[in-house]
Every structure is written in structure tokens, then in C-alpha cells.
Amino acid sequence: MDNVSFLIEKLYMEGWLRDEEFLEVLIHHGENEIRNLLAEYARKTAHRYYGNKVYTRGLIEFSNYCRNDCYYCGIRRSNSHAQRYRLKKEDILTCCDEGYNLGFRTFVLQSGEDGYYTDELLIEIITDIKRRYPDCAITLSLGEKEKESYQRYYDAGADRYLLRHETSNAQHYRCLHPKELTSEHRKQCLKDLKAIGFQTGCGIMVGSPSQTLKHIVEDLHFMKELQPEMVGIGPFLPHHDTPFHNEPAGSFDADTDTAFHYPSDPAGCTSSGDYSSGYD
């Protein structure tokens, strides 16, 4: 306990730990005293940068169609039970109108990787929002695109882009995604966004199938190198219409054994695994 407390204070003061020190903290993160101490220093850090202000974001999820088949995601293309929808440009602008009147000054446009929304249509939407609300920031969360597309969105007036990398470990990435998606391309997208000038957000799932504490440390290294303006971290939640429907949920509060687990059938971790056409 005393050593872990020392490491947490060191992390707060210096901003970084050695790999073995990070592991020591993560191993004990589920203990009440350690969790409370981490929360205390997290509050101090947040107050240092933001004071007591709370910033609200207007999230507009305008499509749940997606070309991808990620094993954990409820809107994966193989999920025939999902009730699909798309919002028209006019619907999106109406959401912005209402949100602005409620006091929102950031609009987050989020969707699956839906080919219906061409670059031309997205640019038209971005341009119209910026024209109506020049004092508002536009954040996009549209998945993996070519650098040219990212540049066009930025030139149209988009300010920020969210793209969770999910895991920086290539083998673990393979456990969560079909073979046509790669960790290398995901990371390159994030680097492209940073190079263009977007305020860029990445992030991970905690407790996803096959995740280990060492993977978390790798993620910390990746995020330190990337220097994102935003980081989204949340627990893995099993969706009933995905191959991981029987996997336990991840939790920040759980002990190490339940927060970081291994699937009973880790087929997705090998090239022979194929969840693209359904599951038993």
C-alpha cells in the first residue's frame, strides 16, 4: 500500500512512471484505498486545468449504419437485428438549432462508417453548421478515412476529430477486429489527423476480451507519443448481438481478475477466426 501510494504521488508530480511502476499501480487499482487515492489526484489534476467548470457537448449520432464488422460493436454490419437509421442534413441542422438554444457550443457529429454520407455531403453539413454558428466548435467521429478526406473536413471548418484506437497492441487489436482492419492503419489515421491540425482524440476500452495490464501500459506509451487533446476511456460492455455477447463487462471498479479477462474461445485472436457472418 505505501509503495503504491508513493507511485501515485510520483505520477501526479512527474507525470510518468516506469513500466513496472505502472503495472504495480494497475495491479492494485481495484483496492478501495488505492482507487480513492487515484480519484483524489485525478480531481486535483482536472482542477489544475479546468477549475470547477463543466463543459457540455451536443452529441448528434446521425447514422448507425457501418461497413465494418468489429466483434464488440452492436452496429457491426453483420448484426441483422439492429434497427438502422440515417438523419438527413435538415434533421442534423435542427438538432444544432435546438442544442444552440440550450446553450451547447460544441456539436459532435458521430456515426458508423456509413458510405451514404459522401465527403461532399459531409462538407456541406459542416459548412452549414459553421455558417449558422461561427462561435461553435465541430467535432467529428466518423471512423477511418483517407488523409485527403480528413483535410477536406478540416478545411470546411471541422475543429476536432475523435477516433478511439481501442488498443495499441497489434495482436490484441486482431482479437477485436476482422482481418481487414489493422492497428497500423488506425494509428496512421490518428497521426494524419494530428498533422492536419485537428484537435485529436483517441482512447481505449478497459476490460475488453484478451486485454492484459501490459496492453494498458502500451496504450499509455502510445498516447504519450501521440499527445492527443482528448482521451476517451470506458469499460467494455458486451452487446447481446455480437460474438462477445457472453463475455463479462469490464469495470474500473472490479478487481484485476474480472476487469481483465480472456475469452473462452479466442478465435478472433488468430487469422483463422472469422466472426464476419455471424456466431452461434
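Scroll up a little and you will see the structure.
These notes cover the structure that comes with them. Source: prediction; values computed, not measured.

Parameters and conventions
Every chain is numbered independently, its residues counted from 1 as its sequence is written. Side-chain atom pairs in this predicted model are given and counted only at pLDDT of 80 or more, local residue features only at pLDDT of at least 70, and totals for whole chains, interfaces and linings cover all residues. With hydrogens and water excluded, all non-hydrogen atoms of the structure serve as input to the side-chain values. We call Phe, Tyr and Trp rings a pair once their centres come within 6.5 Å, taking the six-membered ring for Trp, and we label the pair stacked below 30 degrees between planes, edge-to-face above 60, and tilted otherwise. Secondary structure is summarised from DSSP: a helix means a run of H or I of at least four residues, a strand means a run of E of at least two, and numbering begins at the N terminus for each. Note on terminology: disulfide denotes any pair of cysteine sulfur atoms within 2.5 Å. The buried label goes to any residue with under 20% of its type's maximum accessible area, the exposed label to any with over 50%, and the partly exposed label to all in between, with areas taken from a 1.4 Å probe on protein chains only. Pairing between two strands is assigned when DSSP locates at least 2 bridges connecting them. Seen with the strands pointing away from the viewer, any crossover whose path from the first strand over the helix to the second strand runs clockwise is right-handed. Only the contacting stretch of a helix is used when fitting its axis, a line to C-alpha atoms as for every element, and angles between N-to-C directions run 0 to 180 degrees. What a helix is expected to span follows from its residue count: subtract one and scale by 1.5 Å. It only takes one pair of heavy atoms within 4.5 Å for two residues to be counted as in contact.

With that out of the way, let us pick up the packing of aromatic side chains. Applying the stated criterion across every chain, the model contains twelve aromatic pairs. With a centroid separation of 4.8 Å and an interplanar angle of 45°, the aromatic rings of Tyr-12 and Tyr-41 are classed as tilted. In this pair, Tyr-12 is assigned in helix α1 (residues 2-14) and Tyr-41 in helix α3 (residues 32-50), connecting sequence segments 29 residues apart. Consider the rings of Tyr-71 and Phe-244, whose centres lie 6.3 Å apart with planes at 85°: the pair is edge-to-face.

For the coordinates displayed, the defined rule picks out zero disulfides. Unpaired in this structure, Cys-73 has its nearest cysteine sulfur neighbour in Cys-70, at a distance of 6.3 Å.

It is worth spelling out the pairing of strand β5 (residues 199-206) at this point. Within a regular beta strand, the side chains point alternately toward one face of the sheet and then the other, so they alternate between its two faces. The element β5 is extensively covered by neighbouring structure, given that seven of its eight residues are classed as buried. Across three bridges, strand β4 (residues 160-162) lies against β5 in parallel orientation. The residue of β5 that forms the bridge with Leu-162 is Gly-201. Bridge analysis of β5 against strand β6 (residues 230-235) gives six bridges, and the strand direction is parallel. Paired with Cys-202 across the strands is Val-231, a residue of β6. Viewed along the sheet, the connection from β5 through helix α9 (residues 213-226) into β6 turns out right-handed.

Sheet topology note: the strand β1 (residues 58-63)/strand β2 (residues 106-111) ladder contains five bridges and is parallel. Directly across from Ser-63, in β2, lies its bridge partner Ser-111.

Next up on the list: the sheet that holds strand β3 (residues 137-141). Backbone-to-backbone hydrogen bonds pair the strands of a sheet. The strands run either parallel or antiparallel. Overall, parallel pairing links the six strands, which are arranged β1-β2-β3-β4-β5-β6 in an open sheet. Here the strands that pair on one side only, and so sit at the sheet edges, are β1 and β6. Recorded for the sheet is a direction-independent mean angle of 20° between the axes of neighbouring strands. Pairing of β2 with β3, which is carried by five bridges, proceeds in the parallel orientation. Across the sheet, the residue bridging to Leu-109 is Leu-140, located in β3.

Another aspect to go through is helix α8 (residues 183-196). With 14 residues, α8 extends 20 Å from end C-alpha to end C-alpha; this agrees with the ideal 20 Å at 1.5 Å per step. Looking at α8, one finds that the buried residues are Ser-183, Arg-186, Cys-189, Leu-190, Asp-192, Leu-193 and Ile-196. Looking at the buried residues of α8, the elements they touch are α6 (147-156), β4, α7 (170-176), β5 and α9. Of the residues trailing α8, Gly-197 is marked for its positive phi of about 120°.

Unlike most non-glycine residues, Glu-166 shows phi in positive territory, near 70°. Residue Ser-210 is not a glycine yet carries a positive backbone phi of 75°. Locating Ser-210 in the fold gives a position in the loop between β5 and α9.

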